[in-house]
Amino acid sequence: MNIAIIGTGYVGLVSGVCYAKLGHRVVCVDKDPEKIAVLNSGGIPIYEPGLKEMAAESRLAGHLVFTTDLAFAVRRSDIIMLAVGTPPLPSGEANLAYIDQAAIEIAEAMNGYKIVVVKSTVPVGTNERLAKLMRSRTIMRFDSVSLPEFLREGSAVEDTLRPDRIIVGAECEGAAEQMIRLHEPLTEQIIVTDIRSAEMIKYASNAFLATKISFINEIANICEKVGADVTKVAEGMGYDKRIGPSFLKAGIGYGGSCFPKDTRALIQIAGHVDYEFKLLRSVVEVNQDQRFNVIRKLEAIFGSELPGKTIGVWGLAFKPNTDDVRDSPALEIIRHLVDRGVKAKAYDPIALPNFRAIFGKEGVEWCNKAEEAAQGADALILLTEWDEFAGVDLARLQRVLKQPILIDGRNMFKEEHLAGTDFAYYSVGRPSLS
Ligand code: NAD
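The rules behind each value
Residues numbered from 1 in each chain as written. Predicted model: local features only at pLDDT ≥ 70, side-chain atom pairs only at ≥ 80, totals over all residues. UniProt positions renumbered as here; feature names shortened; annotations may be inferred. Pairing = 2+ DSSP bridges. Helix = DSSP H or I, 4+ residues; strand = E, 2+ residues; numbered from the N terminus. Axes fitted to C-alpha atoms, helices over the stretch in contact; angles between N-to-C directions. Buried ≥ 20, exposed ≤ 12 C-beta atoms within 10 Å, placed from the backbone. Contact = placed C-beta atoms within 7 Å. Arc of directions from axis to C-beta. Near = placed C-beta within 6 Å. Nonpolar A, V, L, I, M, F, W, Y, C, P; charged D, E, K, R; others polar. Domains from an automatic or database assignment. Core = buried A, V, L, I, M, F, W, Y, C linked by C-beta atoms within 7 Å.

With an unreviewed UniProt entry as reference, the chain is termed UDP-glucose 6-dehydrogenase, source organism Cohnella phaseoli. For the record of the chain, the UniProt heading Sequence similarities (unreviewed entry) holds the text "Belongs to the UDP-glucose/GDP-mannose dehydrogenase family." Regarding the chain, the UniProt comment filed under Catalytic activity (unreviewed entry) reads as follows: "UDP-alpha-D-glucose + 2 NAD(+) + H2O = UDP-alpha-D-glucuronate + 2 NADH + 3 H(+)".

Below is the structure:
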């Protein structure tokens, strides 16, 4: 099938590469000429395991093309997918300006019947509104499909080619059938619903996952006070099939470009129909507060001496295996520390350039190696659980730190890792070791 994907970011690029892998002819469009130039020269503007090699294969086979020319892509395709960003407005609502603009451009370029698919995360009713907007700009026939995206950054290729489910929201049977053809051989995972339900499934899923995270973080906070170990509690809970083991990892809370934005957007969506989503409001509040868990620990250790201390920071991305730093907890934590007069030394294996570009403050020494960030620091805080950190020699780490204090915001280390060292070790929801 001939597909155009509008918006070549994390979602659009991964989808484009994976649809090409499934044998379709894909044109990926972006309005950012630099991004397209990088892609056309064989590069990949984001870090996503496995993506570069797969993109190169499909480009070579002539199945995958990158362009800034939206009209060209629309004219040669039967299926047009929208994967542009829907970032949050200050109110928390999704900013639909990019998707509206792209829909108008698509309508104006249409040269015959098309299926217009929305992959971006959009509030319930947006597909209908976009269809109206497009009908005011074209006389060509088209059908709308909502195809919400569930990939996780860091394992996006795997998630796309081995999805738990594919939700197809369609009112027209023919369009739904085309979506089934498009996803062969993954058809067993497809669930067809109406468009509004598909739009809601995306928000409800992210809100539920965020709820699980905030829930276990609150349990962790209580564990710290009662002397229980949240990792054992989560494991014990997870054996219950009704609960399940995933998303029960306590830490410094969720971040990234989806959960924070989608939870706030769903609160707004509910508010617009006079419904106060009290549970989700609390989930967001708990998550916001959880970022300060490591700061509270630093305060407890250093008291009024905290300003002027040097703190090493390991991990800046909102989670491992991605260079995405949008709404990463590390941003707020390090900004707060710097404002308190702390000198931060920061390191991340992949995300440092992106982080540095948006950090916007002085007071951080950017380090090229993990050990460099720990060198001479009064304490080390771990904010992203990159594999690289799991493999460090803790005895050596202890020697480079000024004081052997490790605050593990992701519960990466176990007691046995620390055996034979003098670390004062603090984690989230587990007894401290010293
Ligand atoms: P992104 O910011 O990485 O990419 C969006 C791209 O769209 C940018 O490259 C931008 O230049 C381009 N763009 C904007 N307007 C355009 C236009 N008119 N024509 C051509 N290109 C245009 O965003 P993303 O992270 O890929 O997210 C896209 C959507 O998917 C969002 O709605 C997001 O909520 C949703 N989503 C994201 C993820 C994720 O993990 N990133 C997962 C599931 C769903």
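> What am I meant to see in the sheet that holds strand S12 (residues 379-382) here?
What links the strands of a sheet is backbone hydrogen bonding, and the strands pair in either a parallel or an antiparallel sense. Strand order in the open sheet formed by six strands is S11-S10-S9-S12-S13-S14, with parallel pairing between adjacent strands. One side of each edge strand has no neighbouring strand; the edge strands of this open sheet are strand S11 (364-366) and strand S14 (424-426). With direction set aside, neighbouring strand axes in the sheet form an average angle of 20 degrees. Bridging between strand S13 (residues 405-408) and S14 involves three bridges; their strand directions are parallel.

> Where do I start with the UniProt feature "binding site: substrate" (unreviewed entry) in the chain in this structure?
As recorded in UniProt, the feature "binding site: substrate" (unreviewed entry) lies at Phe150, Leu151, Arg152, Glu153, Lys202, Phe247, Leu248, Lys249, Ala250, Gly251, Gly255 and Lys319. Spanning 170 residues, the named residues are also spread out in space, since their farthest C-alpha pair is 24.0 Å apart. In this structure, Glu153 sits in the loop between strand S6 (142-146) and helix H7 (156-161). Of the residues examined, Glu153 has 24 C-beta atoms within 10 Å and is grouped as buried. In contact with Glu153, not counting residues within four places along its chain, are Tyr10, Glu48, Gly256, Thr322 and Asp324. Among the structural elements, Lys202 can be located in helix H9 (residues 195-226). The exposure class assigned to Lys202 is buried, which follows from the 25 C-beta atoms found within 10 Å. Setting aside residues no more than four positions away along its own chain, Lys202 makes contact with Thr121 and Pro148.

> Which parts of the structure should I look at to understand helix H8 (residues 173-182)?
Since there are 3.6 residues in each turn of an α-helix, residues three or four apart along the chain are aligned in direction. If you check which residues of H8 are buried, you get Gln178, Met179 and Leu182. Projected down its long axis, H8 shows its buried positions confined to an angular sector of 105 degrees, all on one face. Those residues of H8 that are exposed and angled more than 90 degrees off the buried face are Glu173 and Arg181.

> Teacher, can you tell me more about the site of the ligand here?
In the vicinity of the ligand there are 28 residues, among which Gly7, Gly9, Val11, Ser120 and Thr121 approach most closely. The set of elements that each furnish at least two residues to the shell around the ligand consists of helix H1 (10-21) and helix H5 (97-109). Looking at side-chain class alone, the shell around the ligand contains 11 nonpolar, 10 polar and seven charged residues.

> For this particular structure, what's the right way to read the domain arrangement of the chain?
Put simply, an interface is often sized by how much accessible area is lost when its parts join up. One can read the domain layout of the chain as domain 1 (2-193), domain 2 (202-289) and domain 3 (291-426). Counting from both sides, the interface comprises 12 residues of domain 2 and, opposite them, 15 residues of domain 3. A class-by-class count of the residues in the side of domain 2 that touches domain 3 yields three nonpolar, seven polar and two charged.

> Explain the nonpolar core here, please?
One broad trend across soluble globular proteins is that nonpolar side chains are buried collectively. Core analysis: the biggest nonpolar cluster contains 128 residues, and Ala4, Ile6, Met81, Leu82, Ile106, Val117 and Val313 have the highest contact counts within it. Tallying contributions element by element places H9 first for this core, with 10 residues. For Met81, the contacting residues outside a window of four places in its chain are Ile3, Ala4, Ile5, Ile6, Ser15, Val117 and Lys119.

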